[in-house]
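Breakdown of the fold
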Amino acid sequence: MTLKIKLLPTDEQADLLLSTMKEANAVCDAISEIAWENKVFNQFKIHSLCYHGFKSSFGLSAQMLVRCISKVADAYKLDKKTQRFFRPLGAITYDSRILTYKDFSVSIWAIGGRLKMPFVCHNPKYMPYIKGEADLVYKKGKFYLFQTVDIPDEDIEDVEEFIGVDLGLTDICVTSDCVKHTADTLNAYREHRQKVRSSIQAKADTSKRSTRRNCRRLSKRLQGKERTYSQIVNHTIAKSIILSAKESGKGVAIEDLTNIRFTSKRRNKKFRTKLGKWSFGQLRSFLEYKGLLYGVPVVVVDPRYTSQTCNVCKHLGKRTNKHFKCNNCGNDMDADFNAAINIATLGAAVNQPEKSGMYCSLHTA
Ligand SMILES: [Zn+2]
């Protein structure tokens, strides 16, 4: 997990941080060239090739030089087919030898000596778990540290009951404890965005080339904004589900979507309606990660038949639109809610296979 920390340097300190980033990335380029010419890409070999010469000819501290060597080695790990170059203001990595935190200020190495400056962090409760490396990132005139934190997972609690989470037909998800996370605000937001996008497109279509380029850039930036918005929505939903599970001493059961898109046409259609390309995979990974954080077990269940089975008598019934009706026992209820209860039941079965191993999938035949 990484913690985003915003630095608050003075103007003078900001200039020094910028020159530090430029110098470090220039050194990375120089190291990269030597690595490329010698066809040497392993960190230790690059080190023995470059370290001493660079130590005396550049203004970097020993540890910052080590970090640069490792940045170059990492870049070549991805691809050894082309020489690597680095953006002048690309992120540079710090570790505890060149970056320390104390009482709401950081002491960070820069060319000319260490700088001490205040910072803000929106998740101060994670500060005690700071460990390992941090990336110094310059973005839109501001400096951020993306600091690795190592939070010990809570022991996963032993639970018998589960909250089932049925994923998106019209709502993003519905849980078996009766909570609907609707897509209303999300859809309103998207509609608004769509309007903005088409007006940009309209402008681009009728404009000169230079304006067209600006429009393209703007669209790209807006796309990024929408992604962030979706991320916040998923984050909020995951947190709310995990916290309510924690409070009620339950686990969380979700549908396995890995194969669903390819195996079943109908479900495929389900996931195309309204929510479009909603990132359920991201929601699932947020749930799993937050589950670990709060000690709530999260299990994945087979989604087949969860929406067609009656949660009361387990007979197959009919789902029409938003409604589920069972011809066997007369159960008549909200279809998503019915599915969520089935998922909860499966969750309990998956979690305790010794009790009901063969019912891990509904109607396996
Ligand atoms: Zn029934």
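Each chain carries its own residue numbering, running from 1 in the written order of its sequence. Owing to the predicted nature of the model, reporting of local features is limited to residues with pLDDT of at least 70; listing and counting of side-chain atom pairs is limited to 80 or more, with chain, interface and lining totals taken over all residues. Side-chain numbers here rest on the full set of heavy atoms in the structure, without hydrogens or water.

Details of the nonpolar core
In this structure, Leu7, Ile31, Ile108 and Leu136 are the most contacted members of the largest nonpolar core, which totals 72 residues. Ranked by the residues each element gives to this core, the list is headed by helix 1 (residues 11-38), at nine residues. Two residues form a contact once any of their heavy atoms are found within 4.5 Å. Setting aside its immediate chain neighbours within four residues, Leu7 contacts Leu17, Val106, Ile108, Met117, Pro118, Phe119, Leu136, Phe143 and Leu145. Residues enter a nonpolar core if they are buried and are Ala, Val, Leu, Ile, Met, Phe, Trp, Tyr or Cys, with the set joined through side-chain atoms within 4.5 Å. Partly exposed describes any residue whose relative accessible area lies between the buried limit of under 20% and the exposed limit of over 50%, with all areas from a 1.4 Å probe on protein chains only and scaled to the type maximum. Ranked by size, the runner-up nonpolar core spans seven residues in total, among them Val159, Phe162, Ile343 and Leu346. Here a helix means four or more residues in a row that DSSP labels H or I, a strand means two or more in a row labelled E, and each is numbered from the N terminus.

Focus on the environment of Gly59
Here Gly59 shows up in the loop between helix 2 (43-57) and helix 3 (62-78). Between the alpha carbons of Gly59 and Lys239 there is a distance of 46 Å; along the sequence they are 180 residues apart. Residues contacting Gly59, with those up to four places away along its chain left out, are Glu23, Trp109 and Ile111.

Structural notes on the coordination of the zinc ion
The protein atoms that coordinate the zinc ion are Cys310 (SG), Cys313 (SG), Cys326 (SG) and Cys329 (SG), at distances of 2.2 to 2.3 Å. Spacing between the donor residues of the zinc ion along their common chain follows C-x2-C-x12-C-x2-C. Highlighted residues: Cys310 in the loop between strand 12 (298-301) and strand 13 (318-320) and Cys326 in the loop between strand 14 (323-325) and strand 15 (332-334), separated in sequence by 16 residues. Here the two residues Cys310 and Cys326 agree in accessibility, since each one is buried. We call an atom a donor if it is N, O or S and sits within 2.8 Å of the metal, or 3.2 Å for Na, K and Ca. Water is not counted, so some sites may look partial.

A look at the packing of helix 5 (residues 209-248) against helix 8 (residues 280-294)
Taken N-terminus to C-terminus, the directions of helix 5 and helix 8 make an angle of 40 degrees; their axes are 9 Å apart at the nearest point. Judged by the angle between their axes, helix 5 and helix 8 are oblique. Crossing angle aside, the handedness with which helix 5 passes helix 8 is right-handed. Two secondary-structure elements touch here, helix 5 through Ser230, Gln231, Asn234, His235, Ile237, Ala238, Lys239, Ile241, Ile242, Leu243 and Lys246 and helix 8 through Gln282, Leu283, Phe286, Leu287, Lys290, Gly291 and Tyr294. Axis lines are fitted to C-alpha atoms, over the contacting stretch for helices. Their N-to-C directions set the angle, which ranges from 0 to 180 degrees. Our angle categories are set so that under 35 degrees counts as roughly parallel, over 145 as roughly antiparallel, 65 to 115 as roughly perpendicular, and the remainder as oblique. Handedness of a crossing is defined here by the sense of rotation of the near helix relative to the far one, left-handed for an anticlockwise turn of less than a right angle and right-handed for a clockwise turn.

Section: the sheet that holds strand 8 (residues 162-167)
Two strands qualify as a pair provided that DSSP identifies no fewer than 2 bridges between them. Across the sheet, which stays open at both edges, the five strands sit in the order 10-9-8-11-12 with mixed pairing between neighbours. Across the chains shown, the open sheet's two edge strands, defined by having one partner strand only, are strand 10 (180-181) and strand 12. Relative to strand 12, strand 11 (residues 251-255) runs parallel, the two sharing four bridges. Paired with Val252 across the strands is Val298, a residue of strand 12. Of the strands in this sheet, strand 8, strand 9 (173-175), strand 11 and strand 12 touch helix 8, which is tilted by about 145 degrees from strand 12. Together, strand 8, strand 9, strand 11 and strand 12 form the strand contacts of helix 9 (residues 335-351), whose direction differs from that of strand 8 by roughly 130 degrees.

What to know about the packing of aromatic side chains
Working definition: an aromatic ring pair is given by the centre-to-centre distance plus the angle between the planes. Between rings of Phe, Tyr and Trp, where Trp is taken as its six-membered ring, a pair exists when centres lie within 6.5 Å; planes separated by under 30 degrees are stacked, by over 60 edge-to-face, and by other angles tilted. Evaluated as defined, the whole model comprises seven aromatic pairs. Aromatic side chains Tyr138 and Phe143 sit 4.8 Å apart centroid to centroid with 45 degrees between the ring planes, which places their arrangement in the tilted category. Geometrically, the ring pair formed by Tyr189 and Tyr229 is stacked, given 3.7 Å between the ring centres and 15 degrees between the ring planes. In this pair, Tyr189 is assigned in helix 4 (residues 184-205) and Tyr229 in helix 5, connecting sequence segments 40 residues apart. The exposure class assigned to Tyr189 is buried, which follows from its relative accessible area of 17%. In this structure an aromatic cluster arises from ring pairing among Trp36, Phe41 and Tyr76. Of note, Lys4 hangs over the ring of Tyr144, and the distance from its end group to the ring centre comes to 4.9 Å. The ring of Trp36 has Lys39 sitting right over it, with the charged end atom 3.5 Å from the ring centre. Think of it as a cone above the ring: NZ of Lys or CZ of Arg counts as a charge over the ring if it is within 6 Å of the ring centre and within 35 degrees of the ring normal.

Structural notes on the state of the cysteines
Throughout, disulfides are identified as pairs of cysteine sulfur atoms within 2.5 Å of each other. Going through the model one piece at a time under the given rule, you end up with zero disulfides. Among the cysteines around Cys50, which has no disulfide bond, Cys28 carries the closest sulfur, lying 11 Å off. Under the relative-accessibility criterion, Cys50 is labelled buried at 2%.

So far we have only geometry, and geometry alone does not tell us how the molecule works.
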